[in-house]
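# Reading the structure
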Amino acid sequence: MSRGTPLWRRLRSVALGGLAAALVLTGQSAQAAPAPAEPPTMNHAFTEAAEEYRVPRDLLVAVGYGETHLDGHDGRPSHANGYGVMHLADNPGQHSLERAAELTGTPRSVLRRDTVANIRGGAAVLADHARALGLTGAERRDPDAWYPAVARYGGAEDPRTARLYADTVYRFLADGVSAHTPAGERVTVRPRPVDPERGRYAAVPSLDGSGDGAALQSADYPPARWVPADPSNYSSGRASSITTVVVHVTQGSYAGTISWFQNPSSDVSAHYVVRSSDGEVTQMVRDRDTAWHARSGNPYSVGIEHEGYVDDPTWFTDAMYRSSAALTRHLCDEYGIPKDRAHVVGHHEVPGNDHTDPGPYWDWDYYMELVGGSGEVTPRLSFPSYDTLREGDRNDQVKAAQYLLNAQGFDAGSVDGIFGPATDAAVRSFQSDRGLTADGVVGKRTWTALLSAGSTPLLQNGDSGAAVTRLQRALTAALGRTVETDGLFGPKTEEAVRDYQTGRGLGVDGLVGDETWGALQSGR
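I will try to describe carefully the structure that is included in this document. None of these values were measured; they are calculated from a predicted model.

Quick notes on the rules
- Residues numbered from 1 in each chain as written.
- Predicted model: local features only at pLDDT ≥ 70, side-chain atom pairs only at ≥ 80, totals over all residues.
- Heavy atoms only, no water.
- Helix = DSSP H or I, 4+ residues; strand = E, 2+ residues; numbered from the N terminus.
- Buried < 20%, exposed > 50% of the residue type's maximum accessible area, 1.4 Å probe, protein only.
- Areas by Shrake-Rupley, 256 points an atom, 1.4 Å probe, with all protein chains shown as cover.
- Polar contact = N/O pair within 3.5 Å; in protein donor to acceptor, adjacent residues only side chain to side chain.
- Contact = heavy atoms within 4.5 Å.
- Pairing = 2+ DSSP bridges.
- Phe/Tyr/Trp six-rings, centres within 6.5 Å; stacked < 30°, edge-to-face > 60°.
- Lys NZ or Arg CZ within 6 Å of the ring centre and 35° of its normal.
- Core = buried A, V, L, I, M, F, W, Y, C linked by side-chain atoms within 4.5 Å.
- Salt bridge = Lys/Arg side-chain N within 4 Å of Asp/Glu carboxyl O.
- Axes fitted to C-alpha atoms, helices over the stretch in contact; angles between N-to-C directions.
- Parallel < 35°, antiparallel > 145°, perpendicular 65-115°, else oblique.
- Left-handed = near helix turned anticlockwise from the far one by under 90°.
- Nonpolar A, V, L, I, M, F, W, Y, C, P; charged D, E, K, R; others polar.

### Some words on the overall build of the protein chain
Tallying secondary structure elements over the protein chain gives 18 helices and twelve strands in all. Taken along the three principal axes of its C-alpha coordinates, the protein chain extends 85 × 70 × 40 Å. Relative to its 524 residues, the protein chain shows a buried fraction of 52%. For the protein chain, the computed accessible surface area is about 22300 Å², with 50% contributed by carbon and sulfur atoms.

Next comes the structure, spelled out in structure tokens:
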């Protein structure tokens with residue numbers, strides 16, 4: 001049997017050959033085909049690929065575990081456009097998917113989605129690095145000799161990040177691996193003594209400070225390491241004060257994410273990255289600068305990336321939760337950010353974003369308990385239009401009104417979306433306080449006053465942040481037309497401000513100062 005024939009092709013050939021022989025012996029037609037054979041296990045795939053490309057099997061498993069926890073995510077790409085268990089990447093700085101296709105003769109479309117083919121492709125790429133480094137036959141049998149090849153496999157250009165990647169793999173070799181695949185199969189690597197031959201990486205300072213040179217520490221958060229993102233992936237300075245912490249999940253590994261933020265082609269970054277296994281934190285963008293992590297939320301937020309994938313809760317360890325919560329608590333104390341779910345938010349909760357992280361497995365209650373604040377979840381507050389509400393109504397806009405009333409000190413009871421007597425009483429009290437007709441009906445004027453309630457900073461074209469979002473919601477209610485709630489004060493928001501000022505007999509300057517805020521908060 002040819003060593004270069006992919007396992008998935010060999011299995012298909014065997015199955016078809018067996019079927020043909022059965023048809024000859026029985027004289028049955030091809031329509032009476034037997035049930036297909038069970039697909040090969042992941043353990044078998046690792047063993048086959050390791051033997052074919054002369055890669056130590058446990059090392060191959062450790063590389064895959066470090067990349068994806070052995071979950072191919074149904075062929076969906078990572079943040080760095082990497083695919084499958086072995087994270088075969090296809091981006092401007094890394095072409096391991098293309099190289100795997102060349103080495104194995106397997107189409108890239110198959111490598112992306114087929115786990116057996118993907119593991120084989122990863123083994124081929126790792127072996128190709130070993131060949132280029134001149135590993136001999138005897139050396140190839142020693143996992144410790146593969147360290148430089150593993151460092152290359154990670155794809156990092158920065159040697160410190162490459163060492164971080166390889167050190168992580170060898171830590172898994174030393175500690176052992178016991179993981180369950182999405183299909184429920186258990187894949188193990190027994191713990192072993194390791195003494196990696198780092199070669200040129202021996203002189204590279206380790207990011208965890210374990211090498212010859214001490215790790216650089218963050219100036220903003222001393223427990224964190226400092227590894228700067230490429231300057232083309234963030235903006236110097238800020239256009240707004242810091243009011244929000246945004247929680248992300250990397251959709252990739254810790255070392256891979258650090259490498260991706262160092263890649264000038266990625267056009268993305270975050271301020272901090274947190275490791276799953278032990279909660280180690282690396283800062284990549286200074287707090288005073290604007291990382292590119294949350295679109296409209298970039299100017300006013302600090303972004304924290306957490307190693308892992310949104311659909312796999314095994315990445316969300318207690319060490320990660322505790323370390324990240326300590327960082328968030330520090331940021332809230334440093335910048336006067338309230339420790340609640342209106343200001344500590346998920347990526348999916350930032351206006352104008354289409355991401356889903358941190359996903360359904362992120363334990364917000366536990367996280368906010370560790371932060372030391374309120375775990376109350378902010379309901380949806382932005383709508384294309386605001387309906388008239390009265391007692392007996394049940395919907396998401398009732399939730400929004402209840403939340404806003406409670407936030408202003410008018411007890412509407414539970415934020416449950418049911419407009420009952422407690423909500424009616426709170427609405428009437430709020431209306432009386434604002435000089436509105438106290439009829440218990442949330443109409444245009446009450447919505448305008450509710451949505452605009454809060455601080456009254458001077459706002460103008462070019463500003464951004466939570467106050468701009470609040471303004472945009474209030475204008476939507478007051479004008480009876482949708483004003484996009486993206487938190488960015490641009491030309492359309494200025495146009496809406498001028499229209500509001502004109503309609504209310506205010507000075508028309510497009511600026512939102514005391515006069516305009518006063519009109520909004522009185523429900524005009």
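### Some remarks on the side chain of Ser253
Looking at the element boundaries, Ser253 is found in the loop between strand 7 (244–249) and helix 10 (254–262). Among the polar contacts listed, one links the side chain of Ser253 to the backbone nitrogen of Gly256, at a separation of 3.0 Å. Sequence-distant contacts of Ser253, defined by excluding residues within four places in its chain, comprise Gly66, Glu67, His79 and Glu307.

### Let's talk about helix 15 (residues 444–452)
Buried residues dominate helix 15, accounting for seven of its nine residues. Inspection of helix 15 places Thr446, Trp447, Thr448, Ala449, Leu450, Leu451 and Ser452 among the buried residues, and these make up the whole buried set. As for helix 15, its buried residues are in contact with helix 13 (396–407), helix 14 (421–433), helix 16 (466–479) and helix 18 (514–521). Immediately beyond the C-terminal end of helix 15, within one or two residues, lies Gly454, with a positive phi of roughly 135 degrees.

### As for the pairing of strand 3 (residues 177–180)
Where burial is concerned, the two faces of strand 3 differ: the one with Val177 and Ala179 is buried and the one with Ser178 and His180 is not. As judged from the four bridges shared by strand 3 and strand 4 (residues 186–189), these two strands associate in the antiparallel manner. For His180, the partnering residue across the bridge sits in strand 4 and is Arg186. The antiparallel hairpin formed by strand 3 and strand 4 contains five residues in its connecting segment, where Gly184 sits at a positive phi of about 95 degrees.

### Quick look at unusual backbone geometry
Each neighbour pair has its own omega, and for Asp357 with Pro358 the value is 10 degrees, a cis peptide bond. Here Gln251, not a glycine, exhibits a phi torsion of approximately 55 degrees, which is positive. Tracing the backbone through its elements, the reader meets Gln251 in the loop between strand 7 and helix 10. Overall, Gln251 belongs to the partly exposed group, its relative accessible area being 23%. Non-glycine residue Asp267 carries a positive phi angle of around 55 degrees. Residue Asp267 is classed as partly exposed on the basis of its relative accessible area, which comes to 49%.

### Re the packing of aromatic side chains
The tally for this structure, following the rule as stated, stands at 15 aromatic pairs. Measuring from ring centre to ring centre gives 6.1 Å for Tyr309 and Trp315, while their planes differ by 50 degrees; the resulting arrangement is tilted. One exposure class covers both Tyr309 and Trp315, and it is buried. Of the aromatic side chains, those joined through ring pairs into one cluster are Phe316, Tyr321, Trp362, Trp364, Tyr366 and Tyr367. Over the face of the ring belonging to Tyr83 we find Arg112, whose NZ or CZ atom lies 5.3 Å from the ring centre. We note Arg200 situated over the ring of Tyr201; from NZ or CZ to the ring centre the distance is 4.5 Å.

### Looking at the side chain of Asp58
With respect to the element layout, Asp58 can be found in helix 3 (residues 57–68). Overall, the relative accessible area of 17% leaves Asp58 in the buried class. Non-local contacts of Asp58, meaning those with residues more than four positions away in its chain, are made with Leu173, Val189 and Arg192.

### A few points about the nonpolar core
Of all hydrophobic cores here, the largest spans 68 residues; its most connected members are Phe46, Leu60, Ile119, Leu126, Trp146 and Val150. In terms of residue count, the dominant contributor to this core is helix 6 (residues 115–132) (nine residues). Among all residues touching Val150, those that are not within four sequence positions of it are Leu59, Val63, Leu126, Tyr165, Ala166, Val169 and Tyr170. Grouped together as the second largest cluster of nonpolar side chains are 40 residues, Leu381, Ala400, Val468 and Leu506 included.

### A closer look at the pattern of salt bridges
Evaluated as defined, the whole model comprises 22 salt bridges. Between Asp128 and Arg99 there is a salt bridge whose closest N-O contact spans 3.0 Å. Of the two residues, Asp128 is situated in helix 6 and Arg99 in helix 4 (residues 96–104); the sequence distance between them amounts to 29 residues. Note on Asp128: relative accessible area 12%, which makes it buried. When salt bridges that share partners are traced, they join Arg99, Glu102, Asp128 and Arg131 into one network.

### Some thoughts on the environment of Ser266
Among the structural elements, Ser266 can be located in the loop between helix 10 and strand 8 (272–274). Sequence spacing of Ser266 and Trp517 is 251 residues, and the spatial spacing of their C-alpha atoms is 40 Å.

### A short note on the sheet that holds strand 9 (residues 281–283)
Reading across the sheet, the six strands line up as 5-9-8-11-7-12 and stay open at both edges, with mixed pairing between neighbours. Two strands close off the open sheet at either side, each with one partner strand: strand 5 (225–226) and strand 12 (344–346). In the sheet, strand 8 pairs with strand 11 (residues 301–306) via three bridges, with the strands oriented parallel. Residue pairing for strand 11: Val274 is matched across the bridge by His306.

### Side note on the packing of helix 13 against helix 15
Direction vectors running N to C along helix 13 and helix 15 enclose 55 degrees, while the axes themselves pass 9 Å from each other. The pairing of helix 13 with helix 15 is recorded here as oblique in orientation. Judged by the sense of rotation from one axis to the other, the crossing of helix 13 with helix 15 is left-handed. Residues Gln397, Ala400, Ala401, Leu404 and Leu405 of helix 13 lie in contact with helix 15, whose contacting residues are Trp447, Leu450 and Leu451. Residues that form the contact of helix 13 with helix 15 fall into these classes: seven nonpolar, one polar and no charged.

### As for the environment of Val302
Structurally, the position occupied by Val302 is in strand 11. Judged by its relative accessible area of 0%, Val302 falls in the buried class. The spacing of Val302 and Gly487 is 185 residues in sequence and 15 Å in space, taken between C-alpha atoms. Contact partners of Val302, with chain neighbours within four places excluded, come to Arg238, Ile242, Thr244, Val245, Val246, His271, Tyr272, His293 and Leu331.

Taken by themselves, the reported measurements are silent on function.
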